[in-house]
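Residue strings, one per chain:
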Amino acid sequence: MKAHPYVAALERADFTLRTGALTRIGSEYVEADGPVAGIGDYCEIDSGGPGEPVIAEVVSVERERLRLMPFSGVRRLRLGACVRKSCHAEDIPAGERFAGRAVDALARPLDKGPAILAENHRPRAGRMLAPLDRVVAKDRLVTGIRAIDGLLPLGKGQRIGIFAASGVGKTSLIDQVAHQVACDRVVLCLVGERGREVEKLWRTHLRERGGDKFTLVAATADESASLRVRAMDQALGLAEHWRDKGEHVLLIVDSITRVALALRELGLASGEPPTIRAFTPNVFSALPKIVERCGAARQGGAITAIMTVLSETDDVDDPIVELMKSVLDGHIVLSRPLAEKRHFPAIDIARSVSRLTADLFDGEEAALAHKAHAALARYEEARPMIESGIYRPGNSAEIDRAIAWHPELIAFLQQRPDHASPPEETRAMLERICAGGVHAR
């Protein structure tokens, strides 16, 4: 005879409060002799004062000890403090009340508004779409940026990376995309940013122009590694909540590299062996999972992800860059030489690629893009001969055409950040350039 559901629930319930005590306090982590917990679980540690308990994430489990990373540091903690497993802190709060708000990694308001009462909670690990429940992006995502819409098309549900060193216009580009893309929601996740930049972005860009369409999730550079990773989880949870309701969500992460650095801190604290550039194995397993949680669902709804990737040098050769290039659906590379020439957006067309070009362009658009790519590449190849005066017109029809088109193509690729170019205008300009030349605005 099948047990009543209430009886079954009672049989599964655990009425024993298991606790532990702090046995060691390090500079960034603590150790305890309990409670029973697994990696990734959250625990509450008594601070010994009138304040709330300190939340810490379990990063390593051994037979007689746990290693935990406190969210708010170790200064308030004392040896012997009681440690107990948290029942609800792991869940990700989500709901409509987060629309138009700025929150931290624990969903607490940053915008001085009232506390947010979440309508529901989602598991921290999220819901990974099954391979056959995904759809390849077929709907064009119009950004209003000619260099992207004309030569590097994006689709709804695509996962794209913006690869750049510092100071080449990355923030301006993602701000322009956020306000010009047609979507239902924008979730902007700032990880490891300066607090001043978070305030400026919220005040001048999102709050004044975005309204309820935008939600900001931020964990600044001075916060713990656990909180920086948690900010990524919070942003993904909100994006998945709205995608499951059939909405199109634009998720912007700035930057996925700082998420990787936070994961490295957690990995080193847990005792994982460092590999190339001291990155631990957990980094290379976690980042693909973050990417795969985004995309378009067959039953409706999509998360279009734009993730910025910081390179330590202008040569895109570090392991996080190579990993993200392999798991994303395309990459847009920003060039410092172009930025120094005040060419904005500083997109290096030759080194950028969208893996969905064949699905998003019709035959004529693909032919135009091919001609423009070829002319730009041919000019760069012949640049030393052209600038040194060695090349003579008439020696190569391809080079002659590349030289003739080059001024107009460069003008086409440059664009003011406050100007959105409609798709029809972008295509018409490319057609006129390839037919003979036109001056872009």
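Asks: Account for the nonpolar core, naming residues and giving values.
Replies: In this structure, L251, I256, L287, M307 and M324 are the most contacted members of the largest nonpolar core, which totals 58 residues. Sorting the residues of this core by element identifies β14 (185-193), β15 (214-220), α5 (225-244), β16 (248-254), α6 (256-269), α7 (281-292), β18 (302-310) and α8 (319-327) as the ones contributing at least two each. At 10 residues, α5 tops the list of elements feeding residues into this core. Setting aside residues up to four positions removed in sequence, M324 forms contacts with F163, I256, L287, V291, M307 and V309. Counting residues in hydrophobic clusters, the runner-up holds 50 residues, among them I145, L152, I160 and A339.

Asks: Give a description of the environment of R432 that names residues and reports values.
Replies: If you trace the backbone, R432 turns up in helix α13 (residues 423-435). Given the relative accessible area of 42%, R432 is considered partly exposed. The spatial distance from the C-alpha of R432 to the C-alpha of E408 is 9.6 Å, given a sequence separation of 24 residues.

Asks: Any chance you could break down helix α12 (residues 397-413) for me, citing the residues and the numbers?
Replies: Counted at 1.5 Å a residue, the expected span for α12 with its 17 residues is 24 Å, and the 23 Å between its end C-alpha atoms agrees. Largest kink in α12: about 45 degrees, centred on H406, with the proline P407 one to four residues after it. Listing the buried residues of α12 in full gives I399, A402, W405, H406, E408, L409, A411, F412 and L413. Buried residues along α12 sit in contact with α2 (146-151), α11 (363-388) and α13.

Asks: Give a description of the pattern of salt bridges that names residues and reports values.
Replies: Scanning the entire structure with this criterion turns up 37 salt bridges. One salt bridge in this structure joins D111 and R101, with 2.7 Å as the shortest N-O distance. Taken together, the residues D111 in the loop between β8 (102-103) and β9 (120-122) and R101 in the loop between β7 (92-94) and β8 connect sequence positions 10 residues apart. The exposure classification of D111 matches that of R101, with both residues buried. Among the salt bridges present, the one from D233 reaches R124, with a minimum N-O distance of 2.9 Å. Placement of D233 in helix α5 and of R124 in the loop between β9 and β10 (134-135) is noted, with a sequence separation of 109 residues between them. R124 carries the same exposure label as D233, and that label is buried. Each of R140, D362, E364, E365, R427 and E431 takes part in salt bridges that share partners, so that together they form one network.

Asks: How would you explain the environment of C434 if you had to name every residue and give the values?
Replies: Within the secondary structure, C434 is located in helix α13. What makes C434 buried here is its relative accessible area of 15%. Expressed as a C-alpha distance, the spacing of C434 and A375, which sit 59 residues apart in the sequence, is 9.5 Å. Leave out the neighbours within four places in its chain, and C434 touches L368, K371 and W405.

Asks: Give a detailed account of the pairing of strand β13 (residues 159-164), specifying residues and quantitative values.
Replies: In terms of burial, β13 is largely enclosed, as 6 of its 6 residues are buried. Of the strand pairs in this sheet, β13 and β18 are connected by 6 bridges, and their pairing is parallel. In the strand pairing of β18, A164 is matched with L310. Strand direction decides the pairing type here: β13 and strand β19 (residues 330-333), joined by 3 bridges, are parallel.

Asks: So what's going on with the sheet that holds strand β3 (residues 42-45)? Residues and values would help.
Replies: One closed barrel accounts for 6 strands, arranged β1-β2-β5-β4-β3-β6; its pairing is antiparallel. The sheet shows a mean angle of 45 degrees between the axes of neighbouring strands, direction not considered. Relative to strand β4 (residues 54-61), β3 is paired through 4 bridges, and the arrangement is antiparallel. Along β4, the bridge assignment pairs Y42 with E57.

Reading the values: the criteria
Residues numbered from 1 in each chain as written. Predicted model: local features only at pLDDT ≥ 70, side-chain atom pairs only at ≥ 80, totals over all residues. Heavy atoms only, no water. Core = buried A, V, L, I, M, F, W, Y, C linked by side-chain atoms within 4.5 Å. Buried < 20%, exposed > 50% of the residue type's maximum accessible area, 1.4 Å probe, protein only. Helix = DSSP H or I, 4+ residues; strand = E, 2+ residues; numbered from the N terminus. Contact = heavy atoms within 4.5 Å. Expected span 1.5 Å × (residues − 1). Bend = angle between axes of the 7 residues up to and from the residue. Salt bridge = Lys/Arg side-chain N within 4 Å of Asp/Glu carboxyl O. Pairing = 2+ DSSP bridges. Axes fitted to C-alpha atoms, helices over the stretch in contact; angles between N-to-C directions.

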